[in-house]
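This is what each chain is made of:
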Amino acid sequence: SLFRHARFEISIARPQDLPPPDGAEIAFAGRSNAGKSSAINTLVGHTRLAFVSKTPGRTQLINIFRMNNGAALVDLPGYGYAQVPEAVRKQWVRLLENYLTRRTNLIGLILIMDSRHPLTPLDQQMLDWFAPSGRPIHVMLTKSDKLTRSASAQTLTLVKNRLPKWQVRPGQISVQLFSSLKKAGIEEAESAVEGWMAP
Ligand code: GDP
């Protein structure tokens, strides 16, 4: 299993402090409170590693995890938290734009969305920046346990129907339901990302 043996490597405050772009990177992005930290914890199988922060107003760090195969998981700052001053929010979004559009060793993006509020304007902004690269994107609709079976199926269909707008090649963007609470969807996430790795 790809994620299970990922180990926390470092937290950095500024993108300038990222390690040199040599190993492959897979980034996790999402709206603040969408469930990104919980999803990473669930995938990695530790609770100690990605900190589930209850104070999203704090300086946000980029957390890097290293997988057995040498590739890194890069946990990007959550965006859109309303209680943060506008200037700070803009700075985070600029950071994300730079990283998503310029990082040469970024092989794919995992976009975390709350299944009850998918495709917010900032989620769409992330797609606008990254999808033109042609690199793969996997959307995880989290907290699916909060929806009924039929409501979550409806959300999945709705999101699937909207994503082709960003695809520059067939199969570039995939989407799944996920629940950290129920630990549901781990294998689907893993097989999506395994497909991004060179054999
Ligand atoms: P982040 O800001 O995107 O990293 O979000 P967190 O992982 O900190 O989660 C935000 C809140 O949603 C926390 O209260 C979590 O306990 C809750 N949460 C996260 N994932 C799930 C899930 O799959 N199911 C349920 N029911 N709650 C979740």
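Note on numbering: residues in each chain are counted from 1, in written sequence order. Whole-chain, interface and lining totals are the exception, using all residues; otherwise, since this is a predicted model, local features are given only for residues with pLDDT of at least 70 and side-chain atom pairs are given and counted only at 80 or more.

Student: Which parts of the structure should I look at to understand the overall build of the protein chain?
Tutor: Strands here are runs of E lasting at least two residues and helices are runs of H or I lasting at least four, both read from the DSSP assignment and numbered beginning at the N terminus. Within the protein chain one finds five helices and seven strands. Going from N to C terminus, the protein chain has its helices and strands arranged as β-β-α-β-β-α-β-α-β-α-β-α. Against the globule reference of 16 Å for 199 residues, the protein chain gives a C-alpha radius of gyration of 16 Å, in line with a compact fold. Its C-alpha atoms put the protein chain at 45 × 45 × 35 Å along the principal axes. A fraction of 74% describes how many contacts in the protein chain between residues 6 or more apart in sequence connect residues 24 or more apart. Radius of gyration here uses only the C-alpha atoms, and the compact-globule reference equals 2.2 Å multiplied by the residue count raised to the power 0.38. Contact between two residues is assigned whenever their backbone-derived C-beta positions fall within 7 Å.

Student: Would you mind showing me how to read the sheet that holds strand 6 (residues 137-142) here?
Tutor: The strands making up a sheet associate through hydrogen bonds between their backbones, and the pairing can be parallel or antiparallel. Ordered by their spatial adjacency, seven strands build an open sheet running 1-3-4-2-5-6-7, and the pairing between neighbours is mixed. Across the chains shown, the open sheet's two edge strands, defined by having one partner strand only, are strand 1 (7-12) and strand 7 (173-177). Pairwise comparison of adjacent strand axes, ignoring direction, gives a mean angle of 20 degrees for this sheet. As paired strands, strand 3 (residues 62-66) and strand 4 (residues 72-75) are joined by four bridges and run antiparallel to one another. By the bridge assignment for strand 4, N63 is matched with D75. Here a strand pair is declared whenever DSSP counts at least two bridges between the two strands. Axes, fitted as lines to C-alpha atoms, cover a helix only where it is in contact. Angles between the N-to-C directions of the axes lie from 0 to 180 degrees.

Student: I would appreciate a short explanation of the pairing of strand 2 (residues 25-30) in the present structure.
Tutor: On a regular strand, one side chain projects to one face of the sheet and the next to the other, so that they alternate. To assign burial, the other C-beta atoms lying within 10 Å of each residue's own C-beta are counted, with C-beta atoms placed from the backbone; 20 or more indicates buried, 12 or fewer indicates exposed, and intermediate counts indicate partly exposed. Burial analysis of strand 2 places six of its six residues in the buried class, which makes it a mostly covered element. Here strand 2 shows two buried faces, one formed by E25, A27 and A29 and the other by I26, F28 and G30. Across four bridges, the pairing between strand 2 and strand 4 is parallel. Residue pairing for strand 4: E25 is matched across the bridge by A72. Bridging between strand 2 and strand 5 (residues 106-114) involves six bridges; their strand directions are parallel. The partner of A29 across the bridge, within strand 5, is L111.

Student: How should I be thinking about the site of the ligand in this particular structure?
Tutor: Residue proximity rests on one test: whether the C-beta atom, placed from the backbone, lies within 6 Å of the molecule or strand. What surrounds the ligand is a group of 18 residues, the closest being G35, K36, S37, S38 and L181. Considering each element in turn, the shell around the ligand owes the most residues, three residues, to helix 1 (residues 36-44). Side-chain classes follow a simple rule in which Ala, Val, Leu, Ile, Met, Phe, Trp, Tyr, Cys and Pro form the nonpolar group, Asp, Glu, Lys and Arg form the charged group, and the remainder, Gly included, forms the polar group. A class-by-class count of the residues in the shell around the ligand yields four nonpolar, 10 polar and four charged.

Student: Where do I start with the confidence of the model for the protein chain in this structure?
Tutor: The predicted coordinates of low-pLDDT regions are not to be read in fine detail. On a range of 0 to 100, pLDDT expresses the predictor's confidence in each residue. When pLDDT is averaged along the protein chain, the result is 90, and 92% of the positions lie at 70 or above. Under the prediction, the complex receives an ipTM of 0.99, its pTM being 0.94.

Student: Help me understand unusual backbone geometry in this model?
Tutor: Excluding glycine, residues mostly have negative phi values, and the peptide bonds linking residues are mostly trans. With phi around 55 degrees, L119 is a residue other than glycine that occupies positive phi space. If you trace the backbone, L119 turns up in the loop between strand 5 and helix 3 (121-130). In the Ramachandran plot, K183 falls in the positive-phi region, its phi being about 50 degrees despite a non-glycine side chain. Examined against the element boundaries, K183 turns out to sit in the loop between strand 7 and helix 5 (186-194).

Student: Which parts of the structure should I look at to understand the pairing of strand 7?
Tutor: Along strand 7, four of the five residues are buried, which leaves the element largely enclosed by surrounding structure. A crossover counts as right-handed when, viewed with the strands pointing away from the observer, the path leading from the first strand over the helix to the second turns clockwise. Crossover connection from strand 6 via helix 4 (residues 149-162) to parallel strand 7: handedness right-handed.

Student: Can you walk me through helix 1 in this structure?
Tutor: An α-helical turn contains 3.6 residues, so a residue and the one three or four places further along point in the same direction. Counting buried positions along helix 1 yields seven of nine residues, so the element is predominantly enclosed. Among all positions in helix 1, only K36, S37, A39, I40, T42, L43 and V44 are buried. Buried positions along helix 1 lie against strand 2, strand 3, strand 4, strand 5, strand 6 and helix 5. Where helix 1 terminates, the next one or two residues include G45, which has phi positive at roughly 85 degrees.

Student: Sorry, what's going on with the environment of S179 here?
Tutor: Counting through the fold element by element, S179 comes out in the loop between strand 7 and helix 5. Overall, S179 belongs to the buried group, with 23 C-beta atoms counted inside 10 Å. Along the chain, S179 and M140 lie 39 residues apart, while their C-alpha atoms are 9.2 Å from each other. Discounting residues that sit within four places of it in the chain, S179 has contacts with T142, K143, S144, D145, A184 and G185.

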